[in-house]
Amino acid sequence: MTLEDKFDEPKAMTGDLSEVAHIETQRPARHVDLAHNVNARIQNPLYGLSREELRHKVKKLVSQHNMPDEELFQKAAVLAQNPKDWETQSDLTEEDRYHLRREITHKWSQPMALYMTVACCSLAAAVQGWDQTGSNGANLSFPTALGIPISEGSPDAEKNEWIVGIINAAPYIASAGFSCWMSDPLNNWLGRRGTIFVCGIFCTLPVIGSGFAQTWPQLFICRLLLGVGMGPKASTAPVFAAENVPASIRGGLVMSWQLWTAFGIFLGFCSNAVVLNTGDIAWRLQLGSAFIPAVPMTISIFFCPESPRWLMKKNKYNQAMKSFLRLRNSPIQAARELFFVHCQLEEEHDIINGRTYFNRLTELFTVPRIRRATLASFVVMLAQQMCGINIIAFYSSTIFANAGYSDKQALFASIGFGAVNFVFAFPAIFTIDTFGRRALLLLTFPNMAWTLLAAGFCFYIPETSKAHLGLIAFFVFLFAAFYSPGEGPVPFTYSAEVFPLTHRELGMAWAVSTCLGWAAVLSITFPRLLTVFGSVGAFGFYAGLNIVAFCMIFVLVPETMQRTLEELDYVFAVPTATHANYQMKKSLPYFFRRYLLCDKKAKLEPLYHFDEVESITVFEKGAGH
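Residues numbered from 1 in each chain as written. Predicted model: local features only at pLDDT ≥ 70, side-chain atom pairs only at ≥ 80, totals over all residues. Heavy atoms only, no water.

- In the nomenclature of an unreviewed UniProt entry, the protein is known as Sugar transporter of Phaffia rhodozyma.
- In UniProt, the protein has this text filed under Catalytic activity (unreviewed entry): "myo-inositol(out) + H(+)(out) = myo-inositol(in) + H(+)(in)".
- Quoted straight from UniProt, the Subcellular location (unreviewed entry) entry for the protein says "Membrane". (UniProt positions renumbered as here; feature names shortened; annotations may be inferred.)

Shown next, in the form of structure tokens:
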């Protein structure tokens, strides 16, 4: 019998629970009131426990949840409380130490089930990207095919431009207005895998249906149904990956959502070009092809282990242990994580006990620490739409066609944009935890502004000049190169880490709905804006929005790079006015003195003093723990 098989069998209740209760009543009071914690601070629940208290906590866990192998959990509990002392922990075997050592020296050596989970979540991101670009090439022909032509001189062209914008925006309208907010109840009812499976259905059937639409209202309804799947998927898949992945490689995998979304965008552009010469059905194939990555995602999700943390929230501890055993290299690692998550869930229960969905939703805007995280996530998500990346992702074929490209040239130029967007996302894997989230944003936004402005001015070059088409494409590609390592990966990574454990699903729902909601606004308005402003005016408008976004980030977005949970509580405990005042009166003058006036004696007084914060978190911050 394998260890995993043991967790299929019920175990008789053992141990003297009255003794456990006595020990717990003698526990010293914590210095943080978790039931009325206005700063939403959640600390390591094992901090300060004696060895005897720890032993009885394990005994209670094993007894209450009918779990076998108490000895394993006793070792795991000591390890969870003192994760750095495994070399000196006497009750660990050499095999245990071998796996704990490899956890540090070979952190990418993980079980196949874990990489299956990563692959499935990567497919979910690719689906997101392909869905965004499916309509890009189709915009060149579906308006005329469905009786809503937008070409100059067409009857009702102005009204039709708004209709085309609404059709393109339909998935984002549905996501922001409804489906994102269903992430919390769907995850509660169906689990992570069930939610992603349902989203996969909505990312497959409506996409195929859009290829068969005979009227624009039919196409609009199909794209609304697509949005029902997009919202919860974008909120759930990164959390599902983070909950299953070890802390040592969690950061890079959270960032990879943007990487594989960019890959999906690239594949979407490629598919648009592949079916270009198929005649009148080209736009139908361009819209319908987005189902391709959704099918393997929908099928493969149930080959992945369910999130152990979700199973534990449902009191399915033996199933959770089986998931951990599939996701970790050794039983000691699986038992350590299960025990720690169990203790943290107890603390979480104290915080959210008796509070409803709407109570927690309200707290996103009323609890000071959470409200500041809500504001910061709103700014970085809004900035992703303000920067102008999605006017290219949604309408690049139209933009290049307006610049004088043929339909074929416009689609191939769009492929170039998608390739640059994907390739330049790779540096972010190394820079996001080196230079910091805030620093990357502040570095890239000015560069995105001038490249968009330059691309716009290139429309003034006579179309007879070879430089006209080449320079427009060059500056659009350069814009994508600045976007991909900065505003590309930061919003999802930032939003995933700023919310406390108790508000994570709702916090991510808020962040994703902000992103997709403003994507809907952009998608609706851009066709008309392009007609009214012209290509130069449209690019100049978004160049200006980049400067506005830069100012918002500078004033309102704190740095979160490599901060523990305790430090993040401290960061978001600083009032917004204090943070803004510091940036304007100290950080900005320092920058001018140090880098413009070359004053090497200039010094910047730090805003945060982390020596005042006692960091006692066992695992790094992340969606899993």
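After that view of the structure, there is still more to cover.
## Looking at the packing of aromatic side chains
- The full count for this structure, using the stated rule, is 23 aromatic pairs.
- Plain terms: the ring middles of Phe 263 and Phe 422 are 4.9 Å apart, the flat faces sit at 45° to each other, and that makes the pair tilted. Taken together, the residues span a long stretch of sequence, with Phe 263 in helix 12 (residues 250–274) and Phe 422 in helix 21 (residues 407–423) at a distance of 159 residues.
- Take Phe 263: its relative accessible area is 24%, and that puts it in the partly exposed class.
- Its relative accessible area of 13% is what places Phe 422 among the buried residues.
- Ring centres of Trp 450 and Phe 475 lie 6.2 Å apart, and the angle between their planes is 75°; on these two criteria the pair is classed as edge-to-face. (Phe/Tyr/Trp six-rings, centres within 6.5 Å; stacked < 30°, edge-to-face > 60°. Helix = DSSP H or I, 4+ residues; strand = E, 2+ residues; numbered from the N terminus. Buried < 20%, exposed > 50% of the residue type's maximum accessible area, 1.4 Å probe, protein only.)

## Quick word on helix 20 (residues 389–402)
- Along its length, helix 20 reaches its greatest deviation from straightness, about 85°, at Tyr 395.
- Across the 14 residues that make up helix 20, a large majority, 12, are buried.
- For helix 20, the set of buried residues is Ile 389, Asn 390, Ile 391, Ile 392, Ala 393, Phe 394, Tyr 395, Ser 396, Ser 397, Thr 398, Ile 399 and Phe 400.
- Downstream of helix 20 by one or two residues, Gly 404 has phi in the positive range, about 110°. (Bend = angle between axes of the 7 residues up to and from the residue.)

## Digging into unusual backbone geometry
- A positive phi angle, near 50°, is found at Asn 66, a position not held by glycine.
- Relative to the helices and strands, Asn 66 is located in the loop between helix 3 (51–64) and helix 4 (70–81).
- Here Asp 156, not a glycine, exhibits a phi torsion of approximately 60°, which is positive.
- Tracing the chain through its elements places Asp 156 in the loop between helix 7 (142–145) and helix 8 (157–177).
- Judged by its relative accessible area of 52%, Asp 156 is exposed.

## Quick look at the pattern of salt bridges
- Counted according to the given criterion, the structure contains 13 salt bridges.
- Linking Arg 528 and Glu 158 is a salt bridge whose minimum nitrogen-to-oxygen distance equals 3.4 Å. With Arg 528 in helix 26 (residues 504–556) and Glu 158 in helix 8, this pair connects stretches of sequence that are 370 residues apart.
- Across the salt bridge formed by Glu 337 and Arg 336, the nearest N and O atoms sit 3.8 Å from each other.
- Salt bridges linked by common partners bring Glu 103, Arg 328, Arg 336 and Glu 337 together as one network. (Salt bridge = Lys/Arg side-chain N within 4 Å of Asp/Glu carboxyl O.)

## Notes on the environment of Arg 51
- The topology assignment puts Arg 51 in helix 3.
- Classification of Arg 51 as exposed rests on a relative accessible area of 53%.
- For the pair Arg 51 and Gln 74, spaced 23 residues apart in sequence, the C-alpha separation works out to 10.0 Å.

## Structural notes on helix 9 (residues 183–202)
- Here helix 9 contains 20 residues, and its C-alpha end-to-end distance of 14 Å is more than 12% below the 28 Å for a straight helix at 1.5 Å per residue.
- Helix geometry: helix 9 is bent most strongly at Gly 191, by close to 110°.
- Of the residues making up helix 9, those classed as buried are Ser 183, Asp 184, Pro 185, Leu 186, Asn 187, Gly 191, Arg 192, Gly 194, Thr 195, Ile 196, Cys 199 and Gly 200.
- Considering only its buried residues, helix 9 is in contact with helix 11 (216–244), helix 14 (294–300), helix 15 (308–313), helix 18 (357–366) and helix 26. (Expected span 1.5 Å × (residues − 1). Contact = heavy atoms within 4.5 Å.)

## What to know about the packing of helix 25 (residues 490–498) against helix 26
- At their nearest, the axes of helix 25 and helix 26 sit 9 Å apart, and the two run at 155° to each other. Taken together, the axis directions place helix 25 and helix 26 in an arrangement best described as roughly antiparallel. Every pair of crossing elements has a handedness; the one defined by helix 25 and helix 26 is right-handed. Every residue of helix 26 that contacts helix 25 at Phe 492, Ser 495 and Ala 496 is listed here: Arg 504, Met 508, Ala 511 and Val 512.
- Split into classes, the residues belonging to the contact of helix 25 with helix 26 amount to 5 nonpolar, 1 polar and 1 charged. (Axes fitted to C-alpha atoms, helices over the stretch in contact; angles between N-to-C directions. Parallel < 35°, antiparallel > 145°, perpendicular 65-115°, else oblique. Left-handed = near helix turned anticlockwise from the far one by under 90°. Nonpolar A, V, L, I, M, F, W, Y, C, P; charged D, E, K, R; others polar.)

## Let's talk about the side chain of Gln 333
- For Gln 333, the location among the structural elements is in helix 17 (residues 331–352).
- Residue classification places Gln 333 among the buried positions, given a relative accessible area of 4%.
- Engagement of the side chain of Gln 333 in a polar contact is seen with the backbone nitrogen of Asn 329, the distance being 3.4 Å. (Polar contact = N/O pair within 3.5 Å; in protein donor to acceptor, adjacent residues only side chain to side chain.)

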